[in-house]
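Spelled out, the chains give:
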Amino acid sequence: MNCLSIFAGMPSWAIVLIIVGIFGVIVLMVILLKKNVKAFKSEEKPKSEKEIAAEELDRVLQPIEEELVEDKGEEAEESETPKE
């Protein structure tokens, strides 16, 4: 007997309901495992707002080297002065 022949006489909404129910049971099992089983628990502690802000600023802002800025400034001045 074919496994799909079980669903042959069922309405389509019942098949969808069974599939959603199966995935719901899987999700509940995962949630319970993460809550109760030590091997699945995450040990990461939540960070404070200040730590998150500091990390984001460090990531976005990069230190500017003065020599690099001076070189760029000189190049800009040279390109602005007309050459004869």
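The model shown is predicted, which means the values in this text are computed figures rather than measured ones.

Visitor: For this particular structure, what's the right way to read the overall build of the protein chain?
Guide: A count of helices and strands for the protein chain gives three helices and zero strands. When its helices and strands are written in sequence order, the protein chain yields α-α-α. For the protein chain, the computed accessible surface area is about 8700 Å², with 63% contributed by carbon and sulfur atoms.

Visitor: Would you explain the pattern of salt bridges in this entry?
Guide: Per the stated rule, a full pass over the model turns up two salt bridges. Here Glu 55 makes a salt bridge to Lys 47, at a shortest N to O gap of 2.9 Å. For Glu 55, a relative accessible area of 44% corresponds to the partly exposed category. Residue classification places Lys 47 among the partly exposed residues on the basis of a relative accessible area of 43%. Across the pair Arg 59 and Glu 56 runs a salt bridge, and its minimum N-O distance is 2.4 Å. Here Glu 56 and Arg 59 lie together in helix 2 (residues 49-60), a separation of three residues that amounts to about one turn.

Visitor: Is there a simple way to explain helix 2 in this structure?
Guide: An α-helical segment advances 3.6 residues per turn. Residues three or four places apart therefore align on the same side. In a regular helix each residue adds 1.5 Å, so twelve residues correspond to 16 Å; helix 2 covers 16 Å between its end C-alpha atoms and thus fits that length. Little of helix 2 is tucked away: zero of the twelve residues are buried.

Visitor: Before we go on, may I ask you to explain a nonpolar patch on the surface in this structure?
Guide: Among the surface-exposed residues, Ile 6, Phe 7, Met 10, Ile 18, Ile 19, Ile 22, Phe 23, Ile 26 and Val 30 lie close enough to one another that they form a single nonpolar patch of about 790 Å² accessible area. Structurally, the position occupied by Ile 26 is in helix 1 (residues 12-36). Among the residues examined, Ile 26 registers a relative accessible area of 42% and is labelled partly exposed.

Visitor: Where do I start with the confidence of the model for the protein chain in this structure?
Guide: Low-pLDDT portions of the prediction should not be read for the details of their coordinates. Within the protein chain, residue pLDDT values average 79, and 69% of them lie at 70 or more. Averaged pLDDT values for the elements of the protein chain fall to 65 in helix 3 (residues 66-80) and rise to 93 in helix 1.

Here is what the cut-offs are and how they apply
- Residues numbered from 1 in each chain as written.
- Predicted model: local features only at pLDDT ≥ 70, side-chain atom pairs only at ≥ 80, totals over all residues.
- Heavy atoms only, no water.
- Helix = DSSP H or I, 4+ residues; strand = E, 2+ residues; numbered from the N terminus.
- Areas by Shrake-Rupley, 256 points an atom, 1.4 Å probe, with all protein chains shown as cover.
- Salt bridge = Lys/Arg side-chain N within 4 Å of Asp/Glu carboxyl O.
- Buried < 20%, exposed > 50% of the residue type's maximum accessible area, 1.4 Å probe, protein only.
- Expected span 1.5 Å × (residues − 1).
- Patch = residues over 30% accessible without salt bridge, like charges linked within 9 Å, V, L, I, M, F, W, Y side chains within 5 Å.
- pLDDT = per-residue confidence, 0-100.

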